[in-house]
Amino acid sequence: MLGPSPSPPRLPPGCARAIVSRSASRATGSTSSLCFARASSASSRWSTTSTACTCRSPASLRWLCNLPHNPPHNLPQSPQVSNIFTMAMREQLSKDTPLRRFLVPFTYGTIAINDAARVTLVTPDSWVPRAYPFDEEGLQLAWANAYRHLPGGVELKVELTERAFLQTIFDRKAYIDIRIESGVDTQYYKQALEYWVMLRAFVKGTFDVYYPTAADQQRFVEDAETEHFLLQAMGGIQATSDVLVIGDESLPHAWESFARAEKYTMVIDAITRFIDVVTTGHEQVGKVQAYAQDASFASFSWAASLRPRWAGGTGEGVLAAPKEVATGQALIMALTSTPMPDLVAAAGGEQDWSKIFWAADGEQRAQLDEVYVQFQDRLRAFSAKCQEVNEDALAAFESGQQNVAGKPLVNFGLWSHDPQYLETSVSI
């Protein structure tokens with residue numbers, strides 16, 4: 001078992017519990033298992049930028065890693081980021097503070113969900129190790145490297161100062177702008193940016209109701225509970241990611257360099273980023289239902305005969321899971337679709353999750369309701385745009401359009417940002 005990274009200095013009580021132990025998993029070695037680790041040798045590396053795990057060693061090995069819903073990529077979304085913020089909320093914030101009451105819908109069921117994921121997906125010899133095409137060594141490499149995917153934007157660590165890096169971790173727009181300027185101008189990032197702007201306006205609008213003046217905002221960010229909450233969240237991120245510096249240039253130390261007005265912006269960005277991760281972020285990397293339901297569409301592993309000749313196979317066979325793996329996938333799917341509150345919920349309706357928000361009086365409640373209604377209207381308008389993009393993609397494909405190279409245009413739809421499919425908290 002790999003031990004946790006050391007805790008950062010000068011953190012509030014409870015931060016040590018945010019450190020997530022990074023343990024190795026092992027498979028059962030069924031006849032359908034593919035020995036990835038031994039075939040690829042110690043030179044294998046894992047990508048930190050794509051949703052599917054991609055080996056960047058010999059090209060002939062990459063197909064072994066392109067598996068649906070790779071748990072190491074989901075790990076930073078579910079058991080780490082969501083748990084880190086949920087634990088910080090429970091341990092540092094009083095139960096009736098506006099911040100804690102605001103976070104309740106977005107942390108709903110998090111501990112129970114992540115415990116179920118640990119037992120069924122991560123524990124040695126549990127469902128995923130039995131279904132995936134990794135032997136003991138391959139799973140150990142995958143889990144030992146998973147924490148390096150936390151947080152998003154880690155590739156910028158060598159390019160930015162600690163202070164700028166802290167801002168980029170929480171400010172999704174700043175990160176997406178960097179990606180687009182570098183040439184990665186995709187529909188995914190366009191939708192991610194629009195969703196972020198909309199989500200941040202909701203978070204800021206809500207807290208501007210609670211803290212309307214600069215003096216109010218200053219008291220909010222200098223409050224011990226607020227500061228300890230954010231420092232514990234930053235400490236948890238730092239403790240579970242070895243790409244961040246431990247010492248005088250650590251993230252909590254960088255926090256001290258911000259002016260009061262900047263700290264208020266940072267708190268808004270941090271809350272927004274957390275909600276972004278547990279809604280659309282988890283939708284992008286944490287949903288397994290569509291993959292697990294059909295072993296001939298997306299098999300978690302294949303028959304040994306499909307291995308290349310140099311790996312002891314014939315390179316031939318049916319691209320479908322053997323019955324043992326198909327049964328395992330069905331069991332995994334049975335665990336999924338745990339119901340969580342829908343993100344799109346009409347104001348005043350039975351599913352209206354804003355009713356839990358703290359309000360000092362009727363006037364403040366009316367202001368909060370107005371912000372919530374505007375947010376819900378924007379979500380529905382954005383959902384319509386997402387559906388239009390998907391309809392256009394399907395129409396282009398069915399009409400036989402060609403790209404600049406004269407080949408059939410294949411422009412896949414994108415559903416991970418469509419609010420009609422999003423929930424307020426992590427699920428399986």
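It should be noted that the structure appears before, not after, this text.
Residues numbered from 1 in each chain as written. Predicted model: local features only at pLDDT ≥ 70, side-chain atom pairs only at ≥ 80, totals over all residues. Heavy atoms only, no water.

Side note on the side chain of Ser 416
Let me state the cut-off plainly: Segments assigned H or I by DSSP are reported as helices when at least four residues long, segments assigned E as strands when at least two residues long, and all are numbered from the N terminus. Three exposure classes are used, based on accessible area relative to the maximum for each residue type with a 1.4 Å probe and protein chains only: buried under 20%, partly exposed in between, and exposed over 50%. Between two residues, a contact is recorded if the distance between any of their heavy atoms is within 4.5 Å.
Of note, Ser 416 is situated in the segment after helix H18 (362-398). On the basis of relative accessibility, which here comes to 6%, the residue Ser 416 falls in the buried class. Discounting residues that sit within four places of it in the chain, Ser 416 has contacts with Tyr 188, Thr 280, Glu 283, Gln 284 and Leu 422.

A closer look at the side chain of Ser 425
The criterion, for reference: We call two N or O atoms a polar contact when they sit within 3.5 Å, provided that within protein one can donate a hydrogen and the other can accept it, with sequence-adjacent residues counted only if both atoms are side-chain atoms.
Within the element layout of this structure, Ser 425 appears in the segment after H18. There is a polar contact of 2.9 Å between the side chain of Ser 425 and the backbone oxygen of Tyr 108. Dropping the residues within four chain positions of it, Ser 425 is found in contact with Pro 105, Phe 106, Thr 107, Tyr 108, Val 278, Met 340 and Pro 341.

A closer look at unusual backbone geometry
The backbone of Asp 125 sits at a positive phi, close to 65 degrees, despite the residue not being glycine. For Asp 125, the location among the structural elements is in the loop between helix H6 (110-122) and helix H7 (127-131). Judged by its relative accessible area of 29%, Asp 125 falls in the partly exposed class.

Notes on the packing of aromatic side chains
Stated formally: Two rings belonging to Phe, Tyr or Trp (six-membered ring only in the last case) form a pair when the distance between their centres is within 6.5 Å. Interplanar angles under 30 degrees mark stacking, angles over 60 mark edge-to-face geometry, and anything in between is tilted.
A full pass over the atoms with the stated rule returns 19 aromatic pairs. When the ring of Phe 85 is compared with that of Phe 274, the centres are 4.8 Å apart and the planes differ by 20 degrees; the resulting orientation is stacked. You can see Phe 85 sitting in helix H4 (residues 76-92) and its partner Phe 274 sitting in helix H15 (residues 260-285), a full 189 residues away along the chain. Judged by relative accessible area, which is 4%, Phe 85 ranks as buried. For Phe 274, a relative accessible area of 2% gives the class buried.

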